[in-house]
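So the chains spell out like this:
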Amino acid sequence: MTTFVQQALNGLTIGMIYALIALGYSMVYGVLKMVNFAHGDLCVLGAMFSLTLLRATGITKGRLNIIEVPLTGTRLVLVLGMVFLGGMLCSTITSLIIERLVYRPLRRASILTVLVSALGVSIALSNAMMLVFGREMKSFPSLLKKQYFTVLGATYSNLQVFIAILTILLLIGLFYLVNKTTLGRCIRAVALDKDMAGLLGINVNRVIVAVFALGASLGAVAGISHAMYYGQTYYLTGYQLMILGWASAVIGGIGDMRGCVIAGLLIGLLEAVGGGYLPILTGGLFGADYRRIFVFLVLIVTLVIKPAGILGKPEVIVKA
Amino acid sequence: MSNYKNDAATSRSPGFSQVRRYWHALTKNTGVKRALFIGVAILLLALPRIITSNYWLRVIDIAGLYVMMALGYNLMFGYTGLFNLGFAAFFAIGAYCYAMLASPLHNMHLPFLIVLPLAVGLTSLISYLLGIPSISLVGDYLGLVTLSFAEIFRILVNNLKFTNASYGIINIDAIRLPFFTFKSVSDYYYLILLLCVVVYLIIKRLEDSRIGRAWMAIRNDEEAAKTSGLDTRRLKLLACAIGVAPVGMAGAIFAGMQTFVSPESFTSRETWLIIAMAIVGGLGNADGAVLGALLLTLLPEPLRGTPIESARTLIYGLLLIFFSLFRPQGLLPRRYWKGEIEEETSG
Amino acid sequence: MKGKLLRGMLVVLALSLLVSACAPSPTPTPQVIEKEKEVTKIVEKVVTATPPPAAKPIKIGLPVILTGADTYVFGEMVRDAAIMAVEEINAAGGVLGRPLELVIMDDAGDPAQAVAVAHKLCEDPEIVAVIGHTFSGTTIPTLPIYNECRLAQLELGSNPRITIMGYDHVFRITCANDLITGYAGADYVVEKLGIKSVAVIHNKTMWGEAVATVFAKRCEELGVKVTSFQGVDKDAVDFTPTLTKVNAENPEAVYFAGYSESALVRNQMTDLGMKQYYIAAEATSSEYVDAVKEKGIGTLAPTAAPPLDFRPETRKFTAAFRERWGRDPEEWSPVYYDIVYALAAAIKHAGKVEREAIIKALHEIEVPSIVHPGGLAWDATGEPKHPVAFVWELKPNLQMEVVYVWQGTPPYQAMSYEEYKALVESLLGK
């Protein structure tokens with residue numbers, strides 16, 4: 001039982017990160033009907049850049065990026081603010097440049113052309129990161145001094161609590177923005193019908209820019225949380241984040257924000273709990289190294305049975 | 001209608017269409033056409049005599065494998081519009097099929113002529129089976145399913161004892177026919193050349209056939225195709241099965257000429273390389289796929305060993321962006337039959 | 001058209017500059033400037049390597065990984081170490097009065113590209129030996145090619161199968177192949193701990209099972225009773241059933257060959273109150289230490305990775321590397337540095353710059369090494385004659401320290417070639 005609770009808690013933490021990434025996919029898909037393959041790399045870019053900030057300001061030193069000065073109180077808040085805001089800013093700016101230079105000229109092009117360009121952006125971005133930030137697997141400091149709590153016999157670290165609170169706050173903010181503000185109404189209108197929204201006087205370009213900025217900021221937070229949680233970041237991590245974020249977005253019903261969050265958590269849980277119990281369920285035939293198979297199988301099954309995702313609307317995805 | 005086509009082509013790139021017009025004028029003359037054909041054939045056959053470098057021949061061999069794969073991709077994506085992101089897995093199926101049936105691993109040494117159809121058949125069958133539940137999904141969703149399949153397949157190959165897990169399979173038999181064993185890179189050159197020509201001719205033939213036109217109709221407008229009485233589902237499944245066949249074939253030959261396979265040869269890198277080739281060459285045109293595959297395997301080679309070799313992957317990515325933006329139809333655009341309106345392009 | 005093309009170029013330019021615009025901090029720190037200087041230095045050194053002796057350089061192929069994954073440890077870090085050694089040798093007058101020159105080439109860690117690289121290196125008649133490839137997966141398909149053009153191949157892959165494929169041009173430069181970690185652990189158990197019984201567990205991966213099998217075999221040879229031999233699932237989380245069973249057998253030590261599960265096994269042993277010695281193959285990472293903390297004190301970890309500070313020579317190398325490149329070397333850097341010197345010694349021994357002669361010389365020489373205390377020498381199959389492995393121990397101050405340097409008889413010397421070949425094939429597949 002303890003093991004189950006432990007696995008579930010760990011799974012939920014990573015699930016929150018997936019949910020944040022999935023939201024970025026989902027929102028961009030909502031307004032542009034395109035899959036932004038580069039989203040995973042934008043997340044990693046945020047982490048890479050904030051690490052560069054930490055090193056440039058002398059907070060972390062050496063190959064292992066060890067924190068030299070103890071971070072407490074105001075200092076900690078300032079540093080965390082710098083890390084997250086810096087990362088978000090870098091990802092957002094990059095995302096907007098990509099939107100302006102690549103995606104906007106392709107707005108009326110065929111969907112396949114757009115997909116290929118997104119693929120190109122993803123490849124170019126990850127390799128540019130390799131050349132600019134370096135090839136090594138970078139050790140990323142957790143910034144918080146590790147403390148552990150016990151919940152139902154399982155151990156939970158303050159970093160996990162931090163990630164959970166941060167995610168929940170961001171989600172509340174985002175849902176408020178989308179559902180209650182004018183910008184949110186515009187986003188929903190553009191998602192519903194871009195041309196109609198334009199005719200009604202909404203500045204579609206501005207809305208799309210806002211969506212890209214929001215998606216990239218959430219992605220950067222996810223990327224930094226991922227780096228803090230696993231203690232490392234690497235120029236190729238974006239590919240895995242891309243697949244899992246995309247999978248969450250699709251399982252949840254792309255375009256549906258609540259669905260994305262639920263699916264992200266579900267995938268996190270599935271990975272952790274499924275991985276833990278797979279050997280027991282199969283009598284040792286399949287080890288935990290098969291856990292990703294679970295995720296992909298669930299994805300394929302979801303797409304086949306209910307292609308619109310668990311909460312999505314059916315009409316967009318299947319051509320009769 | 002044809003006027004519209006010419007206008008569009010002229011306004012897009014006058015220089016290029018000029019060249020094309022000269023080319024058409026030149027090749028209209030059957031004598032010139034025949035001479036060109038014979039010249040190219042002689043050049044291709046004599047290539048191992050002209051290029052004595054094993055290195056370049058090996059690069060050309062690999063380019064030939066990519067030609068086959070790009071032709072397959074072109075059939076699925078270019079003709080029919082099916083977005084497949086799992087080509088690496090089909091390449092691996094072909095390669096592992098040969099590796100397991102012709103190596104000491106399971107103590108099986110079946111001859112190439114038996115394994116090749118098996119590998120091709122298995123690859124097609126798996127693609128067909130994967131297509132049955134997922135074929136009705138729209139573009140990027142199909143991409144996601146095939147990508148997931150490729151990941152699942154990679155995890156399995158990397159862990160199953162049956163495929164010798166991450167250690168890979170060594171000492172795979174060289175490809176042999178009843179009276180001949182392929183040894184050197186130039187031996188393989190002729191094998192690959194032959195199969196490339198076969199695949200090319202088949203696909204070219206399909207392009208002009210009823211099925212080919214039906215595929216293109218599906219790509220252009222599936223609803224319309226369906227209304228005209230086409231069984232779009234069956235046609236798409238057919239494209240799935242036929243499109244990966246050359247990929248399975250390339251995999252089997254790869255295993256034979258490499259004499260070693262391991263999971264690290266079949267990463268997603270292979271998939272997007274093939275996509276880049278089909279895009280750069282020109283989607284929907286078999287000649288384009290051939291050109292793209294040759295260009296993207298041969299051109300980066302001189303960079304090897306120079307200080308900018310680290311940027312090769314970056315260049316691939318930028319090429320994809322560049323072509324999507326400014327020449328989405330690729331270097332050799334697909335031909336439009338009479339009455340068809342060219343796809344609206346951007347830029 | 002012109003405008004469009006211009007725009008196209010601008011897009012490409014902007015994209016390539018995009019990330020570079022993001023990367024540097026607002027004010028370039030001294031580190032950044034230093035790094036830029038370094039880069040220019042590398043380029044100068046690599047491209048225009050014209051050291052004092054103005055003779056024709058001796059070219060050595062160096063295929064490493066520069067694109068794709070693993071480009072740091074198996075790319076930059078080994079390349080830089082080799083460059084450093086070449087610079088030193090050339091500064092001291094070169095070999096046979098001629099300077100050395102590295103021909104660096106990217107194989108992307110991809111077996112298909114590795115073969116093309118091999119053909120390319122073979123066809124440059126001035127190249128006389130090759131240091132690479134870096135993975136077993138890229139080494140195995142290139143073996144027949146280098147063999148045909150008679151280039152000595154000094155390879156880093158640790159898969160035991162490489163040396164049983166019947167080639168005489170290949171030399172393993174890793175400290176020890178995958179099987180030896182098992183031998184090292186067994187010898188330590190007998191020699192230093194003097195125990196009489198051990199329980200063996202592995203994580204059912206090819207590597208884990210192979211290492212554990214060799215460990216158990218060696219233990220039995222040395223008269224230690226193996227109370228049980230069993231597998232657990234890689235990445236499983238609950239090992240208490242297995243450990244409870246093992247505890248009932250009451251062995252004096254528990255051996256575990258696995259990856260990250262090592263820490264979980266250790267923690268659950270403590271929870272079960274098991275007091276046996278714990279030997280965990282390759283559990284030297286900081287992740288392991290972080291995960292076990294005080295519970296793990298006394299853990300013994302046999303591994304083949306050379307610690308950077310275990311001999312004065314390696315310490316000197318680490319300092320020099322830091323000075324030259326401004327960062328710490330990685331685990332395989334000293335090996336590449338070392339091997340350039342060994343190759344230089346072989347060329348000197350051969351007396352002429354010729355491929356076949358260098359292969360012959362590499363089989364004959366016996367040279368001192370900064371990594372191998374027993375010196376570098378290879379047997380007929382290309383395995384090191386004096387392989388070395390290490391046993392680390394987690395000390396009470398939570399630091400890993402080397403407590404035992406294994407230089408015993410490796411399995412390929414302890415048994416006949418046929419027996420060894422059969423063993424490897426049974427463990428790793430034919």
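Above this text you will find the structure in question.
Here we summarise the structure given alongside this text. Every value quoted in this text rests on a predicted model; they were computed, and no experiment measured them. (Residues numbered from 1 in each chain as written. Chains lettered and ligands numbered in written order. Predicted model: local features only at pLDDT ≥ 70, side-chain atom pairs only at ≥ 80, totals over all residues. Heavy atoms only, no water.)

### Observations concerning the overall build of chain A
(1) Moving on: What chain A contains, in helices and strands, is 11 helices and 6 strands.
(2) Moving on: Taken over 320 residues, chain A has a buried fraction of 59%.
(3) Moving on: Sequence separation of at least 24 residues holds for 75% of the intrachain contacts in chain A that already meet a minimum separation of 6.
(4) Moving on: Just so you have it, chain A exposes about 12,500 Å², and 68% of that area is on carbon and sulfur atoms. (Helix = DSSP H or I, 4+ residues; strand = E, 2+ residues; numbered from the N terminus. Buried < 20%, exposed > 50% of the residue type's maximum accessible area, 1.4 Å probe, protein only. Contact = heavy atoms within 4.5 Å. Areas by Shrake-Rupley, 256 points an atom, 1.4 Å probe, with all protein chains shown as cover.)

### Notes on the sheet that holds strand S3 (residues 127-131) of chain C
All names here are of chain C.
(1) Moving on: Within the open sheet, the 5 strands sit side by side as S2-S1-S3-S4-S5. Their pairing is parallel. Every interior strand has two partners, whereas the edge strands, strand S2 (100-106) and strand S5 (170-172), have only one. Ignoring which end each strand starts from, the neighbouring axes of this sheet average 25° apart.
(2) Moving on: Together, strand S1 (58-64) and S2 form the strand contacts of helix H3 (residues 72-91), whose direction differs from that of S2 by roughly 170°.
(3) Moving on: Running at roughly 165° to strand S4 (residues 152-155), helix H5 (residues 136-148) makes contact with S1, S3, S4 and S5 of the sheet. (Pairing = 2+ DSSP bridges. Axes fitted to C-alpha atoms, helices over the stretch in contact; angles between N-to-C directions.)

### Comments concerning the state of the cysteines
Residues and elements named next belong to chain C.
(1) Moving on: Taken as a whole, this structure holds 1 disulfide over all chains when the rule is applied.
(2) Moving on: Between the sulfur of Cys122 and that of Cys149 lies a disulfide, 2.1 Å long from S to S. Torsion about the S-S bond of the Cys122 and Cys149 cystine: about -55°, corresponding to left-handed handedness. With Cys122 in helix H4 (residues 111-123) and Cys149 in the loop between H5 and S4, this residue pair connects regions lying 27 residues apart in the sequence.
(3) Moving on: Accessibility expressed as a relative area gives 11% for Cys122, which makes it buried.
(4) Moving on: Judged by its relative accessible area of 18%, Cys149 falls in the buried class. (Disulfide = S-S within 2.5 Å.)

### Examining the pairing of strand S9 (residues 277-280) of chain C
Residue and element names in this part refer to chain C.
(1) Moving on: The pairing of strand S8 (residues 253-257) with S9 spans 4 bridges and is classified as parallel. Looking across to S9, one finds that Phe256 is bridged to Ala280.
(2) Moving on: In this fold, the crossover linking S8 to S9 by way of helix H9 (residues 261-271) has right-handed handedness. (Right-handed = clockwise from strand over helix to strand, strands pointing away.)

### Thoughts on the pairing of strand S6 (residues 197-202) of chain C
Residue and element names in this part refer to chain C.
(1) Moving on: Counting buried positions over the 6 residues of S6 gives 6, a clear majority of the element.
(2) Moving on: Alternating positions in S6 separate into two faces, Ser197, Ala199 and Ile201 on one and Val198, Val200 and His202 on the other, with burial throughout.
(3) Moving on: Taken together, the 5 bridges between S6 and S8 define a ladder with parallel strand orientation. When the bridges of S8 are listed, Val198 appears paired with Ala253.

### Considering the nonpolar core
(1) Moving on: A:Phe37, A:Trp246, B:Met68 and B:Ile253 are the most contacted members of the largest nonpolar core, which totals 210 residues.
(2) Moving on: Ignoring anything within four residues of it in the chain, the contact list for A:Trp246 reads A:Tyr25, A:Val35, A:Phe37, A:Leu241, B:Leu85, B:Asp140, B:Gly143, B:Leu144 and B:Leu147.
(3) Moving on: Within the second largest apolar cluster, 80 residues are counted, among which are C:Val64, C:Ala81, C:Phe135 and C:Ile347. (Core = buried A, V, L, I, M, F, W, Y, C linked by side-chain atoms within 4.5 Å.)

### A few points about the interface of chain B and chain A
(1) Moving on: Contact residues are listed per partner, giving 42 residues for chain B and 45 residues for chain A.
(2) Moving on: Of the roughly 4,100 Å² buried between chain B and chain A, counting both surfaces, carbon and sulfur atoms make up 75%.
(3) Moving on: Considering only the surface of chain B that becomes buried against chain A, B:Asp140, B:Tyr141 and B:Leu144 emerge as the three largest contributors, covering 16% of it.
(4) Moving on: For the pair chain B and chain A, the number of links is 0 salt bridges.
(5) Moving on: For the pair chain B and chain A, the interface holds 3 residue pairs in polar contact (both at pLDDT 80 or more).
(6) Moving on: Those elements that place two or more of their residues in the side of chain B that touches chain A are helix H7 (139-159), helix H10 (222-227), helix H12 (268-281) and helix H14 (312-326) of chain B.
(7) Moving on: The biggest single contributor to the side of chain B that touches chain A is H7(B), with 13 residues.
(8) Moving on: Its residues assigned to classes, the side of chain B that touches chain A shows 25 nonpolar, 11 polar and 6 charged. (Buried area = accessible area lost by both parts, 1.4 Å probe. Salt bridge = Lys/Arg side-chain N within 4 Å of Asp/Glu carboxyl O. Polar contact = N/O pair within 3.5 Å; in protein donor to acceptor, adjacent residues only side chain to side chain. Nonpolar A, V, L, I, M, F, W, Y, C, P; charged D, E, K, R; others polar.)

### Notes on the interface of chain B and chain C
(1) Moving on: Listed per partner, the contact involves 40 residues of chain B and 43 residues of chain C.
(2) Moving on: Here chain B meets chain C over a buried area of about 3,600 Å², counting both sides, of which 61% is carbon and sulfur.
(3) Moving on: Put simply, chain B and chain C have 2 salt bridges between them.
(4) Moving on: Linking C:Asp110 and B:Arg269 is a salt bridge whose minimum nitrogen-to-oxygen distance equals 3.5 Å.
(5) Moving on: Across the chain B-chain C interface, the total number found is 11 residue pairs in polar contact (both at pLDDT 80 or more).
(6) Moving on: Residue assignment for the side of chain B that touches chain C shows that the elements contributing at least two residues are helix H4 (54-79), helix H11 (232-258), H12 and H14 of chain B.
(7) Moving on: By residue number, the principal contributor to the side of chain B that touches chain C is H14(B), which donates 7 residues.
(8) Moving on: Here the side of chain B that touches chain C is composed, by residue class, of 17 nonpolar, 13 polar and 10 charged.

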